[in-house]
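Analysis of the macromolecular model
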Amino acid sequence: IFNKSKEHGILERLNAGEVVVGDGGYVLQLERRGYVKAGHWTPEAAVEHPEAVRQLHREFLRAGANVLQTFTFYCSEDKLEISGNVTNITGAQINEAACDLAREVANEGDTLVAGAVSQTPCYLNSQNETEVKAIFKKQMDDFLKKDIDFFIAEFFRYVEEAAWAVEVLKTSGKPVGATLCISPEGDMSGVPPGECAVRLVKAGADIVGVNCHLDPLTCIRTVKLMKEGLEKAGLKAHLMIQPFGFHTPECNLGGYVDLPEYPFALEPRVVTRWDVHKYAREAYNAGIRYIGGCCGFEAYHIRAISEELAAERGFLPPASEKHGLWGAGLQMHTKPWVRARARREYWENLLPASGRPTCPSMAKPDGE
């Protein structure tokens, strides 16, 4: 049962110490379902196939998400133009359609809508602050025509560009979260995580953290370094984490895009629901209160976050009606060895086999 507190925004919830569960990944999931083109990764499906985006929003809502992000990844006009994949739909049309879809589903529960912007080709090409900020301003204006609750600047490899995005989004008067896709080594310019966090907060971010790029436990390490940087600088902000849903023990600076398996053979690296239980607990123990997922995180992963933190949140999500906690539903199985798996200790300690005896457990990332 949802605790109806729609009148409370993201900062009111975090300031009260509530756990905010984020949603999962859209881009990779919709690519697998046939609605996003790999390589382009643009979100025109919000206009072309709204039913697909709506369904994914609804799955995350049922899994316990308190926030639904607009499906607007890579929706800057320069990215759409470069991709060549979208010729008859404008960025404004996608942004507005995505806002409507997220709001429609969010209204079915105790859920906020976050308008999301991400890195731009313009920054890599020119590093021109005026031009880059103009792109973010255009996206922001699209979102402000709609009923969004706050902004998230996500998937930034360079803290400089992320700070520019935050500075623009803060002019809206709405709360702003900012997440970088960086490793514990820092951003792609070598700026350490602690300094990155300081720069984001000084730019105006209310919530800071990391998203995508690397696996959950690695991302926790990075957010801990961001937290330490803020503490040393005497600054405060809420912490946020939405990691990559695949194991990346290589912990490389470039993240998952440098893995040989990206993007079409990542499946052997998928985190299990039990991995996500561990991640959610460790994130919570690290002081992170906005806990979600990015690419690779499906609805059952978000449900795992909700179930692990059910005591702290005070309720289970609707999707848990179809899921026995820690395998409890297996008690009904006809095979005694399967019934024996209906316990927490079994799943917490399982070392799952890959089924691929000739494959390595790690890869050598390209470009490093």
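Keep in mind that what you see is a predicted model, and the values were worked out from it rather than measured.

1. Topic: the packing of aromatic side chains
Considering all chains together, one arrives at 17 aromatic pairs under this definition. Centre to centre, the rings of Y26 and F71 are 6.1 Å apart; their planes meet at 35°, and the pair counts as tilted. In this pair, Y26 is assigned in the loop between β1 (20–21) and α2 (27–32) and F71 in the loop between β2 (67–69) and α5 (77–83), connecting sequence segments 45 residues apart. Comparing Y26 with F71 shows no difference in burial state: the two are buried. A centroid spacing of 6.5 Å and a plane angle of 90° characterise the contact between Y74 and F155, whose relative ring orientation is edge-to-face. A residue pair is termed long-range when its members are at least 10 positions apart, and Y74 in the loop between β2 and α5 and F155 in strand β4 (residues 150–156) qualify at 81 residues.

2. Concerning the pattern of salt bridges
Counted according to the given criterion, the structure contains 19 salt bridges. Of the charged contacts, one joins D110 and R13 as a salt bridge, the two residues approaching to 2.9 Å between their closest N and O atoms. Of the two residues, D110 is situated in the loop between α6 (91–106) and β3 (112–118) and R13 in helix α1 (residues 10–15); the sequence distance between them amounts to 97 residues. Relative accessible area serves as the criterion here: at 1%, R13 is assigned to the buried category.

3. A word on the UniProt feature "binding site: Zn(2+)" (unreviewed entry) in the protein chain
The UniProt record annotates "binding site: Zn(2+)" (unreviewed entry) at C212, C294 and C295. What stands out for the annotated residues spanning 84 residues is how close their C-alpha atoms remain, the widest pair being 6.3 Å apart. Structurally, C212 can be placed in strand β6 (residues 207–212). Here C212 is in contact with F155, C219, Q242, P243, F244, Y256, C294 and C295, once residues within four sequence places are set aside. With respect to the helices and strands, C294 occurs in the loop between β8 (290–291) and α13 (299–308).

4. Description of unusual backbone geometry
Cis geometry is adopted by the peptide bond preceding P263, which originates at Y262 and carries an omega value of -5°. Inspection of the secondary structure puts P263 in the loop between β7 (238–243) and α12 (273–285). At C212, a position not held by glycine, the phi torsion is positive, near 55°. Backbone geometry places H213, a non-glycine residue, at a positive phi of 70°. In this structure, H213 sits in the loop between β6 and α11 (216–233). Given a relative accessible area of 1%, H213 falls into the buried group.

5. Brief notes about the nonpolar core
One finds F71, L200, I241, Y279, I291 and I305 to be the most contacted residues of the largest nonpolar core, which totals 101 residues. If sequence neighbours within four positions are ignored, I291 has contacts with V20, V21, G22, I241, Y279, A280, A283, Y284, I305 and L309.

Parameters at a glance
- Residues numbered from 1 in each chain as written.
- Predicted model: local features only at pLDDT ≥ 70, side-chain atom pairs only at ≥ 80, totals over all residues.
- Heavy atoms only, no water.
- Phe/Tyr/Trp six-rings, centres within 6.5 Å; stacked < 30°, edge-to-face > 60°.
- Helix = DSSP H or I, 4+ residues; strand = E, 2+ residues; numbered from the N terminus.
- Buried < 20%, exposed > 50% of the residue type's maximum accessible area, 1.4 Å probe, protein only.
- Salt bridge = Lys/Arg side-chain N within 4 Å of Asp/Glu carboxyl O.
- UniProt positions renumbered as here; feature names shortened; annotations may be inferred.
- Contact = heavy atoms within 4.5 Å.
- Core = buried A, V, L, I, M, F, W, Y, C linked by side-chain atoms within 4.5 Å.

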